[in-house]
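Okay, here's what each chain looks like letter by letter:
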Amino acid sequence: MASFVLEIRTEEIPANALPGARRQLQDLFAKHLGEAGFTDFLTAVLSTPRRLIVTITNLPQRQADRVEEMTGPPVRIAVAEDGTPTKAGLGFAAKAGLPFEQLGRLETEKGQYLAATVNHMGRTTSEILVEITPTILSALRFPKMMRWGLGSFLFVRPVHGIVALLDDEVVPFGAFGITSGRATVGHRVHSPQPIDIAHADTYAETMARHSVMIDPAQRRQTLETAAQQLAATVGCRVHEDPRLVAEHLELVEWPGLIVGSFDRKFLDLPPEVVVSTLRHHQKCLILEDGDGALQPHFLAVIDRKDDPEDLIRLGNEWVIRARLADAGFFFSEDRKRPLEDTIADLERVEWHRILGSLEAKAERLGRLAVTLSGQLGLDLSTELLCRAARLVKADLTTHMVGEFPELQGVMGGHYLRLEGADEALWTASRDHYRPVGFEGDSPASTLGRVLGVADRLDTIAGLYAVGEKPTGSRDPLGLRRAAQAVVKIIIDSAWTLDLEAIIGEAVSGVAGQATEEIDEVRSAVTLFIADRLRRWLTDVDSVSGDTADAVMATGWADPCETTARAKALESVRSNDSFRALALAFKRVRNITDGQAEGEVDPTLFEHPEERELYDAILEFHTALKRLLPEHRVTEAFEAMIPIADTLDRFFVEVLVMADNKEVRANRIALLKLLGQDFLTLADLSILQIDGGE
């Protein structure tokens, strides 16, 4: 069996582009090789900042020969009365690659058809790789693409070389103006000279000898081990930060580490300031003591084995010291006046060119927070909510947030805490930007949660109102994450509310600035939030997509109630009787959709099965009235199950569409009555059940 290696050597690829590129290459090679008839091959896709690498093992040297039996058009269409081939006959012969005279005949129940037996000789694996690899490379997509040269080449970054080997033979093709070969280069510091890869199986070993660690998993292990050892040399441990470590893996070809320090006095600053300086700006690993307290040391990841002249360490320490000194100055300046005094500055800061200033944003936020709090019946006064709405935005005018925008809200929380503000108020400022999407904790206080939901809904409504909504995969303003955070906060808070009504209030709040038709904005925002709730159901609660659709089809404005119905339906849908009921309900919907409403008249029943179904419906209705107010949703779904056999007997014994109009209307009304109660929980006709339509 043969091995294949492909290396695309480029300029530095952004870290966020590499995971997606690896997934695409894995999928595309699996697809194209599978279509070529290959099976049992093993694909590994690796990368460094300067290389995309595909290794495929267990490949045969050539495709297997295969015989294809082809059936063509009917002979009566393919052959004229005089025995000559028609266009249809000649077309089939061309498709089969045979002279018309060599075509056979196939007798079927429908008559005689043209037929052909075609022998396909397997092509060499190298020929197939030459064909599919350029196609795969041209199909790759990245968050941002570049053109270079005369602008005719498009890729994530300019390509400098391509290695393509099947065992020890070059797989020759051209892409991006470059011809594939066996030449590459090693690490740009430790081994920048050209090297030749002798064999596909020796690629990884050869690159390692030239200081390139091609496997991200190996780089992770090396980095984590070295970090623990180096942190121990200064009496610290590494603060766990898997997301930053994942980014580090995409930034280096050979992971190296250095330890640096800064003045302990900077630990008097709010810890988020120090962490932001080290992590956000310098991408350094945070070091802490055994109790989790910050220490005046850090680890910087470098793309080389060492720092022989100590210049990298000194450079990092200089930058960190300067940024922390600036932060100390800004912190001191901001503390010279109470945060409440900065509220007046909100009017002078533009939040959006159409939607107005931060003051206008804070005013809308306060009004919407009052509406939300009122609907929830919370003990939060209008005065508190309107004041808090301005205070939580006030730190956007401070020196510190101007320099460290990622600390918005956090710094306001610190300033309010140091000024002796109520805990609910300063935690609301600190937390109201949390969480980011579905990830992270919701705000700690009720005030923070109300402001967090209201703030995001105002933002979403406002930007939709001026035509700045997400399109396709693009969401530069993070509206999808904002909507997901709304869903998460509501569900984490176990609030009972009418979210559609609150969305309507948010849209009404920006109607005066809207450039889009306001009713269309309201509908679009409502659908947008609903889609995020569906994503919660499928991604967080792990319910099936059709389960989510079934419960949301009957209403979703109360997210907590919707999630409860979705979880309950998911738990009972595998029951055999429930599955039968769902299939029968599809028939109920097909019969009753579009039919006139009517009252059930038991005196018109002609069969005992009608009375039996009517009694079962009444019993179920009584159960719903008892169970739903107590939020016993799973039991409500389980109460449906006994109806399955009753409904089945009804359909066997009773003709719904009877000749007698009154009887027919009564039976339709009976089924509609059943549907009304079922639809308080879910539209079971949406469920994809084996054996259904």
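Notes on the structure in this doc start here. (Residues numbered from 1 in each chain as written. Predicted model: local features only at pLDDT ≥ 70, side-chain atom pairs only at ≥ 80, totals over all residues. Heavy atoms only, no water.)

On to the packing of aromatic side chains. For the structure on display, the rule yields 14 aromatic pairs. Measuring from ring centre to ring centre gives 5.8 Å for W148 and F153, while their planes differ by 40°; the resulting arrangement is tilted. Taking relative accessible area as the criterion, F153 reaches 27% and is therefore assigned partly exposed. Summarising the aromatic geometry, the rings of F331 and Y415 are spaced 5.7 Å apart at their centres and angled 25° between planes, so their arrangement reads as stacked. With F331 in helix 9 (residues 311-334) and Y415 in helix 13 (residues 410-418), this residue pair connects regions lying 84 residues apart in the sequence. Note on accessibility: F331 and Y415 belong to one class, buried. Through a chain of ring-to-ring contacts, three or more aromatic side chains come together here, namely F142, W148, F153, F155 and F176. Its guanidinium or amino end placed over the ring of W254, K305 lies 4.9 Å from that ring's centre, counting from NZ or CZ. (Phe/Tyr/Trp six-rings, centres within 6.5 Å; stacked < 30°, edge-to-face > 60°. Buried < 20%, exposed > 50% of the residue type's maximum accessible area, 1.4 Å probe, protein only. Helix = DSSP H or I, 4+ residues; strand = E, 2+ residues; numbered from the N terminus. Lys NZ or Arg CZ within 6 Å of the ring centre and 35° of its normal.)

This paragraph deals with the pattern of salt bridges. Counted under the stated rule, the structure contains 47 salt bridges. We note a salt bridge from R367 to E363, for which the minimum N-O separation is 3.3 Å. On the criterion of helical spacing, the pair formed by R367 and E363 is a turn pair, its members being four residues apart in helix 10 (residues 358-376). For R367, a relative accessible area of 42% translates into the label partly exposed. Judged by relative accessible area, E363 falls into the partly exposed class, the value being 39%. Through salt bridges with shared partners, a single network forms among K361, R364, K393, D455 and D458. (Salt bridge = Lys/Arg side-chain N within 4 Å of Asp/Glu carboxyl O.)

Interaxial distance between helix 15 (residues 446-465) and helix 16 (residues 479-493) falls to 9 Å at its minimum, and their mutual angle equals 150°. Judged on the interaxial angle alone, helix 16 and helix 15 are roughly antiparallel. The handedness of the crossing between helix 15 and helix 16 comes out as left-handed. Contacts from R449, G452, V453, R456, L457, T459, I460, L463 and Y464 in helix 15 reach L479, A482, A483, A485, V486, I489, I490, D492 and S493 in helix 16. Looking at the contact of helix 15 with helix 16, its residues break down into twelve nonpolar, three polar and three charged. (Axes fitted to C-alpha atoms, helices over the stretch in contact; angles between N-to-C directions. Parallel < 35°, antiparallel > 145°, perpendicular 65-115°, else oblique. Left-handed = near helix turned anticlockwise from the far one by under 90°. Contact = heavy atoms within 4.5 Å. Nonpolar A, V, L, I, M, F, W, Y, C, P; charged D, E, K, R; others polar.)

If you look at the biggest cluster of nonpolar residues, it comprises 133 residues, and the most contacted ones within it are L457, I529, L569, F637, L647 and L684. A total of eleven residues in this core trace back to one element, the largest contributor, which is helix 15. With near-sequence residues (within four places) excluded, I529 lies in contact with L457, I460, A483, L499, I503 and W556. Listed in part, the 39 residues of the second largest apolar core include I13, I128, L129 and I132. (Core = buried A, V, L, I, M, F, W, Y, C linked by side-chain atoms within 4.5 Å.)

Attention shifts here to the environment of M640. Relative to the assigned elements, M640 resides in the loop between helix 23 (633-638) and helix 24 (643-653). Note on M640: relative accessible area 0%, which makes it buried. For the pair formed by M640 and E619, sequence separation is 21 residues and the distance between their alpha carbons is 10.0 Å. Apart from residues lying up to four places away in sequence, M640 is in contact with F578, L581, F620, F678, L681 and L684.

Moving on: the sheet that holds strand 2 (residues 42-48). One open sheet holds the five strands; their spatial order is 2-3-1-9-10, and the pairing between them is antiparallel. A single partner strand is all that each edge strand has here, and the edge strands are strand 2 and strand 10 (169-170). Bridge count between strand 1 (residues 2-10) and strand 9 (residues 159-166): seven bridges; the pairing is antiparallel. The residue bridging I8 from the neighbouring strand is I162, located in strand 9. Lying on the sheet, helix 1 (residues 18-35) is in contact with strand 1, strand 2 and strand 3 (51-59); it crosses strand 2 at an angle near 155°. (Pairing = 2+ DSSP bridges.)

Let us now look at unusual backbone geometry. Cis rather than trans, the peptide bond between R434 and P435 has omega equal to -10°. Of note, P435 is situated in the loop between helix 14 (423-431) and helix 15. With a phi close to 65°, D40 is a non-glycine residue in the positive phi region. Positive phi outside glycine occurs at S542, with the angle close to 60°.

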